[in-house]
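# Structure assessment
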Amino acid sequence: MTTATAPPPPAAPRAKRKGVLGTRPWVAACFLLPALVLLGALVVYPIGYSVYRSLFDASGNGFVGLDNYHEVFTDDRIRTALKNNVIWVIVAPALATALGLIFAVLTERVRWGTAFKLVVFMPMAISMLAAGIIFRLVYEQNPDRGVANAVWVGIHDTFAQPAPFPGAHPRPTGDLAAADGGSFATKSAVRAGSPVALPLVAVKPEDVAGAKEAIPAREVAGKVTGTVWMDFTRGGGGTAGKIDAGERALAGMKIEAVKDGRTVASATSDSDGTFTLPSAADGARLRLPASNFASAYNGVEWLGPALVTPSIIGAYIWMWAGFAMVLIAAGLAGVPRELLEAARVDGANEWQVFRRVTVPLLAPVLAVVVVTLMINVLKIFDLVYIIAPGSSLHNANVLALQLYQSSFGTDVNQGVGSAIAVFLLLLVLPVVFVNIRRIRKEREGRR
């Protein structure tokens, strides 16, 4: 008896293929289309048009080929900007990363480390415009307004005594006359037993605030005496060259007796303006050294041609050291403590642990920070434009600022401006490629 076999069931319909992520290609294209349109409109088109515009003259009508690129490398302003950009790329990321690393390591075991990190990171919340205004005031030349010079002048005056009466000088008709190096000397020799009058004018009121009234010097046998005072009576009146009532003594004035170009004696005036020189001063001419009248030390010209770029880099580091510190601190939290303790058990001191263990383990994080800051400083514009005064703007120039000046400044040439933009893009691209390769290697290492 034969049995019939049942026919095989019909094959199920084949499902439509989907992408790797389980999404149909046309669905993915619909979601990506808005982003691609924005990317093309805001990135691809501006780059393409900048390349096209860089091949034309200032009017945009005459084709000049690569002449604009030739000007980029021959114009003095642009070459200065390029030199400054090199300084920025080398110095700013390195210093900001180094400071961030130091802050992150030193505050790791400190109880108030979180508060310190918050304070250091706070400048990141300030815009570049506000930071530029702040540091323009910090670098103000006047020590009464500029914090940097106030500190610097305070340190200087701690070790170098300032002149007691800056700007003071004698009357043109008096016995004192200008001598070498800003000093003043008597026209005739002095004699022992005959008091000498040394009147001065143009003394600042604050330099004699609280000073005693000047009195005539007494005659002392065998010695040269005299009085140095401010020959000025409030409200007018008085006699020039004579000590009148109410005229102030100049205490602390140094007086030297000079014979044949050699100082034979010296003295300092007392609180009432009088002074006494020994018998060696008989027949000498009296000299008031220039150290009595030297202008007050006014600090460092932070925003002058020589220091303007380092000063602006200092402002940048103040803002971005906190950014570096936070990223490095996050990487430091992931460092295995067993490796650090093992190094200490093996006899390594803290410096060796830091240099041979901590830094190598943090190398990927440090690379991220340095690359990010390098891309950032290549685009630096606002700090330079705000902090640098007009007299030093040329010395502080950078490519992004020159791009703005060439495109929208007084000598508008958007062909040159576009060439600078393309050149700046070419400078950024290698750093971007390095960053992309690093990210790909990290992803491959995790698989």
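Attention in this report is confined to the structure presented alongside it. (Residues numbered from 1 in each chain as written. Predicted model: local features only at pLDDT ≥ 70, side-chain atom pairs only at ≥ 80, totals over all residues. Heavy atoms only, no water.)

Here we come to the side chain of Asn376. With respect to the helices and strands, the residue Asn376 is situated in helix H10 (residues 363-378). When its relative accessible area of 18% is taken as the criterion, Asn376 is described as buried. (Helix = DSSP H or I, 4+ residues; strand = E, 2+ residues; numbered from the N terminus. Buried < 20%, exposed > 50% of the residue type's maximum accessible area, 1.4 Å probe, protein only.)

Taken together, the five strands give an open sheet; going across it, the order is E1-E2-E8-E5-E6, and neighbouring strands pair in antiparallel fashion. Single-partner strands in this sheet number two, and they are strand E1 (176-178) and strand E6 (262-268). Neighbour-to-neighbour, the strand axes of this sheet turn through a mean angle of 30 degrees, independent of strand direction. (Pairing = 2+ DSSP bridges. Axes fitted to C-alpha atoms, helices over the stretch in contact; angles between N-to-C directions.)

By secondary structure assignment, the location of Asn84 is in helix H3 (residues 76-106). Judged by its relative accessible area of 3%, Asn84 falls in the buried class. There is a polar contact of 2.7 Å between the side chain of Asn84 and the backbone oxygen of Asn397. Excluding its chain neighbours within four sequence positions, the residues that come into contact with Asn84 are Thr309, Asn395, Ala396, Asn397 and Val398. (Polar contact = N/O pair within 3.5 Å; in protein donor to acceptor, adjacent residues only side chain to side chain. Contact = heavy atoms within 4.5 Å.)

Read from one edge to the other, the open sheet built from three strands follows the order E3-E4-E7, with strand pairing classed as mixed. One side of each edge strand has no neighbouring strand; the edge strands of this open sheet are strand E3 (196-200) and strand E7 (274-277). Each adjacent strand pair in this sheet contributes to an overall mean axis angle of 25 degrees, direction not counted. Bridge analysis of strand E4 (residues 224-230) against E7 gives four bridges, and the strand direction is antiparallel. Note that in E7 the partner of Thr225 across the bridge is Thr276.

Contact geometry of helix H9 (residues 350-361) with H10 gives a least axis separation of 4 Å together with a crossing angle of 60 degrees. It follows from the interaxial angle that H9 and H10 lie oblique. Residues Val359, Pro360 and Leu361 of H9 lie in contact with H10, whose contacting residues are Ala363, Pro364 and Leu366. (Parallel < 35°, antiparallel > 145°, perpendicular 65-115°, else oblique.)

Let us now look at the pairing of E4. Across the seven residues that make up E4, a large majority, seven, are buried. Here E4 shows a buried face lined by Val224, Gly226, Val228 and Met230 and a second buried face lined by Thr225, Thr227 and Trp229.

This brings us to the nonpolar core. With 50 residues, the main nonpolar core has Trp88, Tyr139, Ile312, Tyr316, Leu383 and Ile387 as its most contacted residues. Looking at this core, the element that brings in the most residues is helix H7 (residues 308-333), giving 15 residues. For Leu383, the contacting residues outside a window of four places in its chain are Met128, Ala131, Gly132, Ile312, Ala315, Tyr316 and Ala388. Ranked by size, the runner-up nonpolar core spans 26 residues in total, among them Val203, Val228, Leu250 and Phe293. (Core = buried A, V, L, I, M, F, W, Y, C linked by side-chain atoms within 4.5 Å.)

On to the environment of Leu277, then. Mapped onto the elements, Leu277 comes out in strand E7. The class of Leu277 is buried, set by a relative accessible area of 0%. Through-space distance from the C-alpha of Leu277 to that of Asp207 is 25 Å; in sequence the pair is 70 residues apart. Setting aside its immediate chain neighbours within four residues, Leu277 contacts Lys223, Val224, Ile255, Ala257, Ala265, Ser266, Ala267 and Leu286.

Per the counting criterion, the structure on display carries nine salt bridges. In this structure, Arg171 and Asp231 form a salt bridge, with 3.1 Å as the shortest nitrogen-oxygen distance. One end of the pair, Arg171, is in the loop between helix H6 (147-159) and E1; the other, Asp231, is in the loop between E4 and strand E5 (254-259), and 60 residues separate them in sequence. With a closest N to O distance of 3.7 Å, Lys254 and Glu256 form a salt bridge. Residue classification places Glu256 among the buried residues on the basis of a relative accessible area of 11%. (Salt bridge = Lys/Arg side-chain N within 4 Å of Asp/Glu carboxyl O.)

Moving on to helix H5 (residues 128-138). Inspection of H5 places Met128, Ala131, Gly132, Phe135 and Val138 among the buried residues, and these make up the whole buried set. Projection of H5 onto a plane perpendicular to its axis shows the buried side chains occupying an angular sector of 120 degrees, all on one side. Residues of H5 that are exposed and point more than 90 degrees away from the buried face comprise Leu129 and Leu137. Of the surrounding secondary structure, the elements contacted by the buried residues of H5 are H6, H7 and helix H11 (382-387). (Arc of directions from axis to C-beta.)

A few words now on the packing of aromatic side chains. All told, the structure shown has 20 aromatic pairs when counted by the stated rule. Ring geometry for Trp320 versus Phe323: centroids 5.3 Å apart, planes at 75 degrees, classification edge-to-face. With Trp320 and Phe323 both in helix H7, this residue pair falls three residues apart, about one helical turn. Ring-pair connections join several aromatic residues into one group, and the members of that group are Tyr45, Tyr49, Tyr52, Phe56 and Phe63. (Phe/Tyr/Trp six-rings, centres within 6.5 Å; stacked < 30°, edge-to-face > 60°.)

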